Amino acid sequence: MSQEVDIPELGTAGLLRFFWRQLTSMRTALILLMLMGLAAIPGSLIPQRSQNPIAVRQYYLDSPELARWIERFSGFTVYSSPWFSAIYILLFISLIGCVLPRTLEHFKAMRAKPPATPRNLSRMEHFQEFSENGSELDLATKWFEKNRFRVRVEGQSISAEKGYLRETGNLLFHLSLILILLGISIGSLFGVRGEAIINKGERFISVPTSYDTLSFGKLSNEESLQPFIIEVIDFVAKYDVLTNAPQDYTATVRVTNSGEKTSTIKTLKVNSPLTFGNTRVYLQANGYSPIVTVRDSTGMVALQGPVPFLPQDGNLRSIGAIKVPDANPQVGFVASFLPTYARDGENGGISVFPEALDPKLLFSIWKGDLGLDSGIPQSVYRIDTSKMQRIALDSLKPGETFSYPEGSITFEAFTPWINLQIVDDPGKSYALYGAIAAILGLLASLFGRRRRIWIRITTTGVVEVAGLAKNGAPGLPAEIEKLVAQLRKER
Amino acid sequence: MQTTWAYLSNNLIYAAMGVFALSFLAHAFETAWAVRTPEQSEGTEGSLKTKTLDYTRTERAARIATAMMVLGFLLLLGGAIARGISAKHVPWGNMYEFSLTGALAFTGAYLAALRKYDLRWLGLFVSISVLLTLGTAITLLYRDSAPLVPALKSTWLVIHVVAAIISGGVFLLSNVIAGAYLYLESMESRGERKAWAKRLPDLETLDQLSYRLVAFVFPLWTFAVIAGAIWAESAWGRYWGWDPKETWAFITWVAYAAYLHARVTIGWRGKRAAWLCLFAGSTFLFNYVYVNVWGTGKHTYSGL
Ligand code: HEM
């Protein structure tokens, strides 16, 4: 069977054209959209690193083999994975290729006259006939004009059409989907996102080194950072006494814009961020920083100040690490701060209310090598005690001091800290405009009614009227009745 | 003061449950007693007696059923408002309150649609499902009235949730109608409709109706998702974060978009469209149940 089969030479250009046509067919676009819906599912069932890094770590501990397989398919980072990106980039291209040509066509069609009146009106829907009296065509023209139909007059017939709003709305909707995708892409390419913990009374200056975490979009860098200064003057948290649930967080801050001498006092709340141009600053979390003074054996102050602790539960039981690298030998305190102290048979010290009603600092003291010079990045909330030796264990109330052979620690007081999230998203206004346009377009496209009405006066003096509603839109018969009533009124 | 309102709310909801139960009984009575078996003398072959429907006999029951439904709706509305006053926020801070408001929206959607279409046959189903929802809510999901956590204090939350709950009510109604379509379709394909089902609208009407409802609320659902995004932007610093709740809202949106396209651009009708409609609606329910109860993420608040 070595028959020669004639395959038309496609060539690269032909092949490309073929793929382009396939990709931009509506069917492909819809399949891609469905695929995107399907592809979004795993990310809602498997913990995602961007939202819940702790759960991901736990996953690795519980079933490391499975976790490694999930990792291989970017299962913990679904929404930034290559396959998810591939789907939405293809959808983006497909949508553009599908919708833009249609938009051009639509604008041409909108200016064109309606198609000619069909030859045989009696076969059309809603057909009616009655005898003429001479003025019908004029009256009909007036009526069509008043009701903003576009008309085509040909001899003794009129073809009128209305309801392009439906197509216009439909195109607007699909175009605005493109705008939304564009906004999302701009945001992720040029955006900046950072976090910083600030103790009450401290100032935050927006330069890269002040941030605890800072991440840039692929096309942005440190120069994109909006410079400003925020000083936390006060922070008040209110809790419900019955349920312990938070009721209100209010931070009072002094804000200085870059280059300006004057500053203003502002209130920062959970749902009302501060705005600096495209950058917004959100109140995201809060906790306590115990203020401690650590002295060495000679009584010299080795460390003094607030140390932010990390909340662990709704009652703000917080853990933290007080590292004193300047002491000799180095000492570290593995500590927890309990705003309202109570004892629990199983867990030891716990907190029973998030407000600091009866605060206590619990700690174990370690001496040895803190490992700060090893070059391995370390958590500020934990101490690697593998090369250290425990020398004491105690708890303090504010104002109390504990002494040990290598020095002493004084729990002076405590202060709240707040976590600021700083987000620069230059694309979000496009996404918002896109969303608004999408809804308007959707409304027009779902509730617009496209229909045609024809009227003809035959050579035998009979007026024929008929109509056609696209997509079976309701309401046409009533409209035709109105027209006919108008035509027959003045006889 | 606060607890007085909370008690009032609970009592109103118990009262609403009683009234919905009456409505259910009246609907059941109507459905059962409208079927008339002909007198023995009429049919010569006893086994082939055809049953007919006679609604004149049950008209009063039907009126009572609808009146009870309206009354139940009003009581429930009162209960939701009292709950809102007691907690000093809109009544959708937790799963219990969501269920109340959801049942309210579902009844409201049914009553609104009833003004335009003859949907009384659905009443049996609507009353029993509202009863079950309220029963589950008050026994399993009940939480004492409590203030909102700070992130939930936002006008956009009110707007977002109102839109989402109304959409949900209408989506469910459309699902019920699509379900009825499938059931009747299979009954018809096996022969004739049973007597009690004769009064139900023809398949064509059901098919159109479930589509109309979806087309009507799809823009509202789109708006609900967008309002949620605006709220998320002001509370969490990002308008979209693929949180499980957001992800499933998106999936529901895509599923209904697929449904609309299947109908409008491909021309699906009947069985296939009804299945697709049921599928889309179940993604909404999944979001409500799974993500609220077992999910993690920013939308899951303490104590359901
Ligand atoms: C992303 C979600 C999408 C939604 C929610 C959506 C929604 C809709 C709706 C509601 C209609 C019906 C308009 C009418 O009744 O006339 C429609 C029609 C249409 N859609 Fe989409 N669409 C989406 C994506 C797409 C995509 C990706 C494409 C192709 C690139 C597309 C192409 C079309 C076309 C060409 C029509 C008009 C079809 C006709 O009138 O027969 N849509 N769309």
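All figures in this text were calculated on a predicted structure; none of them were measured in a lab.

Another aspect to go through is the overall build of chain B. A tally of helices and strands in chain B yields 8 helices and 2 strands. The N-to-C order of helical and strand elements in chain B reads α-β-β-α-α-α-α-α-α-α. Out of the 304 residues belonging to chain B, those deemed buried represent 57%. Restricting to contacts in chain B with at least 6 residues of sequence separation, those with at least 24 account for 78%. Of the roughly 13,600 Å² that chain B leaves accessible, carbon and sulfur atoms contribute 66%.

For chain A, the domain assignment lists domain 1 (17-106), domain 2 (121-163 + 451-489), domain 3 (188-286 + 421-437) and domain 4 (287-417). One C-alpha centre belongs to domain 1 of chain A, the other to domain 2 of chain A; they are set 51 Å apart.

Take the environment of A:D234 next. Residues and elements named next belong to chain A. Of note, D234 is situated in strand β7 (residues 228-239). Here the alpha-carbon distance between D234 and E202, two residues 32 residues apart in the chain, equals 10.0 Å. Engagement of the side chain of D234 in a polar contact is seen with the side chain of K200, the distance being 3.4 Å.

It is worth spelling out helix α5 (residues 82-111) of chain A at this point. The end-to-end C-alpha separation of α5(A) is 44 Å, in line with the 44 Å expected for 30 residues at 1.5 Å each. Residues of α5(A) that are buried in the fold lie against α1 (11-23), α2 (26-45) and α7 (165-190) of chain A.

In this section: empty space enclosed by the protein. Evaluated as defined, the whole model comprises 3 cavities of 30 Å³ or more. Size it by volume and the largest cavity reaches roughly 60 Å³. Looking at the largest cavity, it is lined by 14 residues, and the ones nearest its centre are A:V192, A:L225, A:T279, A:I422 and A:D424. Among the elements of the structure, β4 (192-199) and β21 (407-424) of chain A are those that each provide at least two residues to the lining of the largest cavity. Tallied by class, residues from the lining of the largest cavity come to 7 nonpolar, 5 polar and 2 charged. For the second largest cavity, the calculated volume is near 40 Å³. Forming the walls of the second largest cavity are A:R193, A:Y282, A:V423, A:D425, A:K428, B:E233, B:G237, B:R238 and B:Y239. Per-class residue counts for the lining of the second largest cavity are 3 nonpolar, 1 polar and 5 charged.

In this section: the nonpolar core. Ranked by size, the top nonpolar core spans 100 residues in total, and within it B:Y110, B:L119, B:L122, B:L173 and B:W221 carry the most contacts. Here this core takes 13 residues from helix α5 (residues 155-189) of chain B, the largest share from any one element. When sequence neighbours within four positions are dropped, the list of residues in contact with B:L122 reads B:Y110, B:L173, B:V176 and B:I177. Within the second largest apolar cluster, 49 residues are counted, among which are A:V253, A:F333, A:I418 and A:I422.

This brings us to the coordination of the iron atom of the ligand. A four-donor tetrahedral metal ideally has 109.5 degree angles, and a six-donor octahedral metal ideally has angles of 90 or 180 degrees. Taken together, the protein ligands of the iron atom of the ligand are A:H174 (NE2) and B:H261 (NE2), with distances of 1.9 to 2.0 Å. Between the 6 donor atoms coordinating the iron atom of the ligand, the angles at the centre fall across 81 to 179 degrees, so the site counts as octahedral. Of this pair, A:H174 sits in helix α7 while B:H261 sits in helix α7 (residues 244-266), which puts the two residues in different chains. Owing to a relative accessible area of 17%, B:H261 belongs among the buried residues under this scheme.

The next thing to look at is the interface of chain B and chain A. Counting residues at the interface gives 43 residues for chain B and 46 residues for chain A. Summing the contributions of chain B and of chain A, the shared interface buries around 3,500 Å²; its carbon and sulfur component is 67%. When the buried surface of chain B facing chain A is broken down by residue, B:P150, B:Y239 and B:W242 rank first, second and third, together holding 18% of it. Taken together, the connections running from chain B to chain A amount to 2 salt bridges. Across the pair A:R280 and B:E233 runs a salt bridge, and its minimum N-O distance is 2.5 Å. On inspection of chain B and its partner chain A, the count reaches 7 residue pairs in polar contact (both at pLDDT 80 or more). It is helix α6 (residues 203-236) of chain B that provides the largest number of residues to the side of chain B that touches chain A, a total of 13 residues. Partitioning the side of chain B that touches chain A into residue classes produces 29 nonpolar, 9 polar and 5 charged.

As a further point, take the packing of α2(A) against α7(B). Contact geometry of α2(A) with α7(B) gives a least axis separation of 9 Å together with a crossing angle of 155 degrees. Classified by the angle between their axes, α2(A) and α7(B) sit roughly antiparallel to one another. Judged by the sense of rotation from one axis to the other, the crossing of α2(A) with α7(B) is left-handed. Contact with α2(A), carried on its side by A:M26, A:L30, A:L33, A:M34, A:M36, A:G37, A:A40, A:I41 and A:S44, involves B:P244, B:T247, B:W248, B:F250, B:I251, B:V254, B:A258, B:H261 and B:T265 of α7(B) and no other residues of that element.

A few words now on the sheet that holds strand β23 (residues 462-469) of chain A. All names here are of chain A. Pairing within the open sheet is antiparallel, and its 5 strands lie in the order β1-β23-β22-β3-β2. Strand pairing shows two members of the sheet lacking a second neighbour, β1 (125-131) and β2 (150-154), which therefore form its edges. Each strand of the sheet is rotated relative to its neighbour by a mean of 15 degrees, with strand direction disregarded. In this sheet, β23 lies alongside β1 in antiparallel orientation, the contact comprising 5 bridges. If you follow F130 over to β23, its bridge partner there is V463. The sheet contacts of helix α9 (residues 476-489) involve β1, β22 (451-457) and β23, and relative to β1 the element is tilted by about 10 degrees.

Our focus in this paragraph is the pattern of salt bridges. Residues and elements named next belong to chain A. According to the stated counting rule, one finds 19 salt bridges over all chains in the structure shown. Taking the shortest distance from any N to any O, the salt bridge between R49 and E71 comes out at 2.8 Å. In this pair, R49 sits in the loop between α2 and α3 (53-62) while E71 sits in helix α4 (residues 64-72), placing the two residues 22 residues apart along the sequence. Among the residues examined, R49 registers a relative accessible area of 33% and is labelled partly exposed.

Now for the site of the ligand. Around the ligand sit 21 residues in total, of which A:L95, A:R166, A:H174, B:H261 and B:T265 are the nearest. At the ligand, the nearby residues belong to more than one chain, namely chains A and B. Between the ligand and A:H174, the relevant distance is 2.6 Å, taken from a nitrogen atom to a side-chain nitrogen or oxygen of the residue. Here a nitrogen atom of the ligand and a side-chain polar atom of B:H261 are 2.6 Å apart.

A word on the packing of aromatic side chains. Pairs of aromatic rings are described using the distance from one ring centre to the other and the angle between the two planes. Within the structure shown, the criterion is met by 34 aromatic pairs over all chains. Ring geometry for A:Y239 versus A:F353: centroids 6.1 Å apart, planes at 75 degrees, classification edge-to-face. Pair noted here: A:Y239 is in strand β7 and A:F353 is in the loop between β17 (348-351) and β18 (360-368), with a separation of 114 residues, a long-range link. This pair shows no difference in class: A:Y239 is buried, exactly as A:F353 is. Residues B:W221 and B:F284 carry aromatic rings whose centres are separated by 5.4 Å and whose planes lie at 70 degrees to one another, so their mutual orientation is edge-to-face. Of the two residues, B:W221 is situated in helix α6 and B:F284 in helix α8 (residues 270-293); the sequence distance between them amounts to 63 residues. The ring of A:W69 has A:R72 sitting right over it, with the charged end atom 4.4 Å from the ring centre. Above the plane of the ring of B:W268 lies B:R272, whose end atom (NZ or CZ) is 4.5 Å from the centre.

A separate point is unusual backbone geometry. Residues and elements named next belong to chain A. Between N328 and the following residue, P329, the backbone shows a cis peptide bond with an omega angle of -5 degrees. With a phi angle near 60 degrees, L316 is a residue other than glycine that sits in the positive phi range. Considering the arrangement of structural elements, one finds L316 in the loop between β13 (310-311) and β14 (318-324). Under the relative-accessibility criterion, L316 is labelled buried at 8%.

With that settled, consider the confidence of the model for chain A. Looking at chain A as a whole, the pLDDT averages 86, with 96% of positions reaching at least 70. Least confident of the elements in chain A is α1(A), whose mean pLDDT is 80; most confident is strand β15 (residues 331-338) of chain A, at 93.

Parameters at a glance
- Residues numbered from 1 in each chain as written.
- Chains lettered and ligands numbered in written order.
- Predicted model: local features only at pLDDT ≥ 70, side-chain atom pairs only at ≥ 80, totals over all residues.
- Heavy atoms only, no water.
- Helix = DSSP H or I, 4+ residues; strand = E, 2+ residues; numbered from the N terminus.
- Buried < 20%, exposed > 50% of the residue type's maximum accessible area, 1.4 Å probe, protein only.
- Contact = heavy atoms within 4.5 Å.
- Areas by Shrake-Rupley, 256 points an atom, 1.4 Å probe, with all protein chains shown as cover.
- Domains from an automatic or database assignment.
- Polar contact = N/O pair within 3.5 Å; in protein donor to acceptor, adjacent residues only side chain to side chain.
- Expected span 1.5 Å × (residues − 1).
- 1 Å grid on protein atoms, 1.4 Å probe; cavity = no way out; pocket = protein on both sides within 12 Å on 5 of 7 lines; lining within 4 Å.
- Points joined across faces, edges and corners; volume = space filled by probe spheres on them.
- Nonpolar A, V, L, I, M, F, W, Y, C, P; charged D, E, K, R; others polar.
- Core = buried A, V, L, I, M, F, W, Y, C linked by side-chain atoms within 4.5 Å.
- Donors = N, O, S within 2.8 Å, 3.2 Å for Na, K, Ca; no water.
- Tetrahedral: all angles 85-135°; square planar, octahedral: opposite > 155°, others 65-115°.
- Buried area = accessible area lost by both parts, 1.4 Å probe.
- Salt bridge = Lys/Arg side-chain N within 4 Å of Asp/Glu carboxyl O.
- Axes fitted to C-alpha atoms, helices over the stretch in contact; angles between N-to-C directions.
- Parallel < 35°, antiparallel > 145°, perpendicular 65-115°, else oblique.
- Left-handed = near helix turned anticlockwise from the far one by under 90°.
- Pairing = 2+ DSSP bridges.
- Near = heavy atom within 4 Å.
- Phe/Tyr/Trp six-rings, centres within 6.5 Å; stacked < 30°, edge-to-face > 60°.
- Lys NZ or Arg CZ within 6 Å of the ring centre and 35° of its normal.
- pLDDT = per-residue confidence, 0-100.

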